[in-house]
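So you can see what is in the structure, the chains are spelled out below.
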Amino acid sequence: MANSMSDEELMAQVRSGVGEMLGVLFERYHVPLFNFYLKLTCDRAASEDLVQEVFFRILKYRHSYRPDTAFRAWMYQIARNARIDLLRKRRPETSLEPEMSPAVAPIDTAQQSQEALLLHSALMQISEDKREVLVLSRFQDLKYEEIAQLLGCEVGTVKTRVHRALQDLRQVFQQLESGKALRGKGPQGRWPAPGSVQ
């Protein structure tokens, strides 16, 4: 029965003290949240910890949930806040290690595997805000309206951000693919300004 309930109905139950329903929400969203964090951080251990932190915060702040709010948008807001708190505690690691392969479907050929690795590497080289909007829209399948609510902006702004992020991703991917990507990029995927100190 609980599996047929909507996310919002389940969260209303959690809000009113039926903690078991949080388990149903966990089953629905722990994998998407893990993939969200993994694509942003490239750190499996941190991603697992952050997923646990999100569900802890959902339980802790359950009374702040408004029944007229989409659960996914509210959950991803908590997820963003948990990640921001982690970033404040430590610098993000953006290097791609071999055991941190991207969370994608099984690959059939070596060329597809190489392209997936290049795509993941390119994703890690674009700026943090652009990477986040791409992960939310393309990998987490959030609607532009949900992302707008999450980011506190208009839908048109989200569309523009996604478009620009895709342009940047395409450019970095093509540079990596052609072997022209230089290793001197700054931590946010941007070239330092002439005369600036990194």
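Every chain begins its residue count from 1, and numbering advances along the sequence as written. Totals for whole chains, interfaces and linings use all residues, but because this is a predicted model, local features are given only for residues with pLDDT of at least 70 and pairs of side-chain atoms are given and counted only at 80 or more. As a convention, hydrogens and water are excluded, and side-chain values are obtained from all of the structure's heavy atoms.

J.: Which residues make up the confidence of the model for the protein chain, and what values go with them?
T.: Values of pLDDT, the confidence the predictor places in each residue, fall between 0 and 100. Residue-level pLDDT values for the protein chain average 80, and 78% of them are 70 or greater. Below a pLDDT of 50 lies the segment residues 92-107, which in the model reaches 22 contacts outside its immediate sequence neighbourhood of four places, other chains included. Note on residues 181-198: pLDDT under 50 across the span, and 23 contacts to partners over four residues away in sequence or across chains. Note on definitions: a residue-residue contact is assigned when non-hydrogen atoms from the two residues lie within 4.5 Å.

J.: An account of the nonpolar core is needed here, citing residue identities and associated values.
T.: Residue types Ala, Val, Leu, Ile, Met, Phe, Trp, Tyr and Cys, when buried and joined through side-chain atoms within 4.5 Å, form a set referred to as a nonpolar core. Note on exposure labels: buried denotes an accessible area under 20% of the residue type's maximum, exposed denotes more than 50%, and partly exposed covers the range between, all computed with a 1.4 Å probe on protein chains only. In terms of nonpolar packing, the biggest core is built from 48 residues, with L25, V54, I58, F71 and Y76 touching the most fellow members. The secondary structure listing takes helices from DSSP runs of H or I that are at least 4 residues long and strands from runs of E that are at least 2 residues long, numbered from the N terminus. Breaking this core down by element, the ones donating at least two residues are α1 (7-15), α2 (20-41), α3 (44-60), α4 (71-89), α5 (110-125), α6 (128-139), α7 (144-151) and α8 (155-178). Element by element, the count of residues in this core is highest for α2, at eleven residues. Apart from residues lying up to four places away in sequence, Y76 is in contact with P32, L33, F36, L136, Q140, L142 and L150.

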